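Here is how the chains run, residue by residue.
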Amino acid sequence: NSTELKDIHYIYSHSYNKVEFLRSDSNVGKYVGFREFGMKNAERWNNDPHVLSWRRAQKEMFCHHNSEVWYRKVLLRSVKPSVRLHSTAPPGGHHPAMLVCSVYDFYPKQS
């Protein structure tokens, strides 16, 4: 609920066939690779100061501007939700009880 750049967590990831192999996380400050291909690319990009500074600039360029837009359009129009919590027996009887949490009326605020 903030437009401050320091409060924004920016994640950029690469996937192939629905499997993530590389991620840049602004809280980590570098690329992290998964599987051999991702680890090789992460090592190469982490050793290039231009790539790292460009990725940091992306956080400010995309997130800071868009957070202000989304804050005005969405977060300021949100209202306190109505929450209902109840226990129920699931169909099939495999478990003795199931906890259900339902949230209503949190967006948009009624004029």
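The shown structure was predicted, so the numbers you read here are calculated from the model rather than taken from an experiment.

## Overview of the overall build of the protein
In terms of helices and strands, the protein carries 2 helices and 5 strands. The proportion of buried residues among the 111 residues of the protein is 17%. Taking the intrachain contacts of the protein between residues at least 6 apart in sequence as the baseline, contacts between residues at least 24 apart amount to 31%. Accessible area for the protein stands at about 8900 Å²; split by element, carbon and sulfur atoms hold 56% of it.

## Overview of helix α1 (residues 35–46)
The first and last C-alpha atoms of α1 sit 16 Å apart over 12 residues, in line with the 16 Å expected at 1.5 Å per residue. Residues Gly 38, Asn 41 and Ala 42 constitute the buried set of α1. Down the axis of α1, the buried side of the element spans an arc of 105 degrees, and every buried residue falls inside it. Of the exposed residues in α1, the ones pointing more than 90 degrees away from its buried face are Glu 36, Lys 40 and Glu 43.

## Quick word on the sheet that holds strand β1 (residues 11–16)
Overall, antiparallel pairing links the 3 strands, which are arranged β1-β2-β3 in an open sheet. Two strands bound the open sheet, and with one partner strand each, they are β1 and β3 (30–33). In this sheet, adjacent strand axes meet at a mean angle of 20 degrees when their direction is disregarded. Two strands pair when backbone bridges link them, and strand β2 (residues 19–25) and β3 are joined in this way by 4 bridges, in the antiparallel orientation. Pairing of Ser 24 across the sheet is with Tyr 31, part of β3.

## Description of the side chain of Ser 24
Checked against the element boundaries, Ser 24 lands in strand β2. Once you skip the residues sitting within four places of it in the chain, Ser 24 turns out to touch Tyr 10, Ile 11, Tyr 12, Lys 30, Tyr 31 and Arg 55.

## Examining the pattern of salt bridges
Scanning all chains against the criterion turns up 2 salt bridges. For Arg 23, the salt bridge is made with Glu 20, and the minimal N-O distance between the two is 2.5 Å. Accessibility expressed as a relative area gives 23% for Glu 20, which makes it partly exposed.

## Here we look at unusual backbone geometry
Residues other than glycine seldom take positive phi values, yet Lys 18 does so here, at roughly 65 degrees. Within the fold, Lys 18 resides in the loop between β1 and β2. One non-glycine residue, Arg 35, lies in positive phi territory at about 70 degrees. Among the secondary structure elements, Arg 35 is positioned in helix α1.

## Looking at the environment of Arg 84
Here Arg 84 lies in strand β4 (residues 82–88). It is 5.1 Å that separates the C-alpha atoms of Arg 84 and Ser 102, two residues lying 18 residues apart in sequence. The contact partners of Arg 84, leaving out residues within four places of it in the chain, are Val 100, Cys 101, Ser 102 and Tyr 104.

Rules behind the numbers
Residues numbered from 1 in each chain as written. Predicted model: local features only at pLDDT ≥ 70, side-chain atom pairs only at ≥ 80, totals over all residues. Heavy atoms only, no water. Helix = DSSP H or I, 4+ residues; strand = E, 2+ residues; numbered from the N terminus. Buried < 20%, exposed > 50% of the residue type's maximum accessible area, 1.4 Å probe, protein only. Contact = heavy atoms within 4.5 Å. Areas by Shrake-Rupley, 256 points an atom, 1.4 Å probe, with all protein chains shown as cover. Expected span 1.5 Å × (residues − 1). Arc of directions from axis to C-beta. Pairing = 2+ DSSP bridges. Axes fitted to C-alpha atoms, helices over the stretch in contact; angles between N-to-C directions. Salt bridge = Lys/Arg side-chain N within 4 Å of Asp/Glu carboxyl O.

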